[in-house]
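# Structure at a glance
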There are 2 protein chains.
Amino acid sequence: MCESNAYLTKDGKQELVMESVGFVRAENDGVFLKSIFGETVKVNARILELDLTGHKILLEPEQMK
Amino acid sequence: MCESNAYLTKDGKQELVMESVGFVRAENDGVFLKSIFGETVKVNARILELDLTGHKILLEPEQMK
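Before going into details, it helps to say that this report is about the structure given with it. Note on numbering: residues in each chain are counted from 1, in written sequence order. Both sets of labels track the order of writing: A upward for chains, 1 upward for ligands. Totals for whole chains, interfaces and linings use all residues, but because this is a predicted model, local features are given only for residues with pLDDT of at least 70 and pairs of side-chain atoms are given and counted only at 80 or more. By convention in this description, side-chain values take in all heavy atoms of the structure and omit both hydrogens and water.

With that settled, the discussion passes to unusual backbone geometry. All names here are of chain A. Phi is positive for Ser-20, which is not a glycine, with a value near 55°. The way it works is that DSSP assigns letters per residue, a run of H or I at least four long becomes a helix, a run of E at least two long becomes a strand, and they are numbered from the N terminus. Residue position: Ser-20 is located in strand β2 (residues 13–27). Look at Ser-20 and you get buried, because its relative accessible area is 14%. Per-residue accessibility, obtained with a 1.4 Å probe over protein chains only, is compared with the maximum for each type, and a residue is labelled buried under 20%, exposed over 50%, and partly exposed between these values.

Laid out in structure tokens, this is it:
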């Protein structure tokens, strides 16, 4: 399986947002994540980095506009 | 293996940018992609969607600022 864990970078730390993420979409108001179990979450962030071999997705908080 | 193919969406079509992508990073001036074979490419785009079960990364052209 190729699902990854998604983390939000905050103050130099990585906070787990969701495990076993299967789908990610950048939307106007944040990032939509869906796990392989069907759970969904919306995070006020943007996609920063994907390490597909390390099974890791990094998000960073959306900057104020 | 969990590498994915990366596509750039353009005029409703999907144009293959790189196969067997293992790493992706959003940078200030575009998206950096690295394949599992060590090839790298920089695309003037942003990360739109990741389908980890479908092994597909979608990028969209960076909007003019």
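What follows continues from the structure just given.
Definition used for salt bridges: Asp or Glu carboxyl oxygen within 4 Å of a side-chain nitrogen of Lys or Arg. In the structure shown here, the tally under the stated rule is twelve salt bridges over all chains. Where Glu-49 of chain B meets Arg-25 of chain A, a salt bridge forms, and the shortest distance between an N and an O atom there is 3.4 Å. Taken together, the residues span two chains, with Glu-49 of chain B in strand β5 (residues 45–51) and Arg-25 of chain A in strand β2. Taking the shortest distance from any N to any O, the salt bridge between Arg-25 of chain B and Glu-27 of chain B comes out at 2.6 Å. Take Arg-25 of chain B: its relative accessible area is 29%, and that puts it in the partly exposed class. For Glu-27 of chain B, a relative accessible area of 26% puts it in the partly exposed group. Taken together, the salt bridges that share partners define one network made up of Arg-25, Glu-27, Asp-29 and Lys-42 of chain A together with Glu-49 of chain B.

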